[in-house]
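Each chain, written out:
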Amino acid sequence: MAAQMSDYSTRWHLITGSTSPETAMPVVRRITVDDLWDALRLGWEDFAAMPTHAIFLVVIYPIVGLLIGRAVFGADILPLLFPLMAGFALLGPFAALGLYELSRRREQGLDVSLPKILEARHSPSIGAILMLGIGLGVVFFVWIAVANAIYIANFGYTPAASMPDFLHRVLTTRAGWTLILVGNGVGFLFALMVLTVSVVSFPLLLDRDVGLAPAILTSIRAVLANPGVMALWGLIVAVSLAIGSIPLFFGLAVVMPVLGHATWHLYRKVVV
């Protein structure tokens, strides 16, 4: 019985967090576009102050991107290359967890040496962080499945013979234009959902023992309180990731850490 009660308490804590006054439902501020630019400036300053650490955290990101691209070409599933690239943005909030920790420690004047990056694993909310990360992983794979279904609905199961053939199909045919329109529209909905539930939830969980439900609810409230600014933030993230992906993904070694650090400072501005 005691073991069952302990297990129940652990699960309840994962969802709701601590019940102490210090971890009550966070208060959300209204912010301006100037706050957004300031968060980006502070993100760049963090990256400039800790470039070696930041690049270490994201160096696997472009490598994984290249490996996925190679696997796609080798498996004759070219239609999934763009959805896989775009899907990185869905996993970004979780992948940048170490960057939030670096910014948090630098903000507090703590040691930011390489081993300290892993201190995030000792967070009281690590269970909720992992659960939310798994949730984003599920969203990512659902997006890939939906994108594949959209392609099949327009072009059937016959694979493209080559990259030129694939580009010709997509860019010069009515089915290709439909694919671009519908695919980007559906992708936008996936991105909007992830932005809404995760824009401040991961930094909040790292910073406070609030639990999964309050973190997601706070993120939703932050978006609803600042729809225009958050929409601009989502656009900045999307454009930055697209630009960073152009030179064989290696631009992400700069784009990802700057966005990750900036996300921490955006959280600080939005949540009291």
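Along each chain, numbering runs from 1 in the same order as the chain's sequence is written. Side-chain atom pairs in this predicted model are given and counted only at pLDDT of 80 or more, local residue features only at pLDDT of at least 70, and totals for whole chains, interfaces and linings cover all residues. Side-chain figures throughout are based on the complete set of non-hydrogen atoms in the structure, without hydrogens or water.

The chain carries the name Membrane protein in an unreviewed UniProt entry, which gives Kaistia defluvii as its organism.

Where helices are involved, their axes are fitted lines through C-alpha atoms of the stretch in contact, as for all axes, and angles between N-to-C directions lie from 0 to 180°. Helix and strand definitions here come from DSSP, where helices need a minimum of 4 consecutive H or I residues and strands a minimum of 2 consecutive E residues; each element is numbered from the N-terminal end. Look at helix α2 (residues 33-49) against helix α13 (residues 252-270): their axes get within 7 Å of each other, and the N-to-C directions meet at 130°. For the element pair α2 / α13, the angle class is oblique. Crossing of α2 over α13 shows right-handed handedness. Within the contact between the two elements, α2 uses Asp35, Leu36, Asp38, Ala39, Leu40, Leu42, Gly43, Trp44, Asp46 and Phe47 and α13 uses Ala253, Val254, Pro257, Val258, Leu259, His261, Ala262, His265, Leu266 and Lys269. For the contact of α2 with α13, the residue count by class is 13 nonpolar, three polar and four charged. For this classification, under 35 degrees means roughly parallel, over 145 means roughly antiparallel, 65 to 115 means roughly perpendicular, and everything else is oblique. Rotating anticlockwise by less than a right angle from the far helix to the near helix defines a left-handed crossing, while the corresponding clockwise rotation defines a right-handed one. Whether two residues are in contact is decided by their heavy atoms, any of which lying within 4.5 Å being enough. Three classes are used: nonpolar for Ala, Val, Leu, Ile, Met, Phe, Trp, Tyr, Cys and Pro, charged for Asp, Glu, Lys and Arg, and polar for all others, with Gly counted as polar.

Burial classes follow relative accessibility: with a 1.4 Å probe on protein chains only, a residue under 20% of its type's maximum area counts as buried, one over 50% as exposed, and anything between as partly exposed. Most of helix α6 (residues 97-107) is tucked away: nine of the 11 residues are buried. Among all positions in α6, only Leu97, Gly98, Leu99, Tyr100, Glu101, Leu102, Ser103, Arg104 and Arg105 are buried. Where α6 ends, the next residue or the one after it, Gly109, has phi of about 75°, a positive value.

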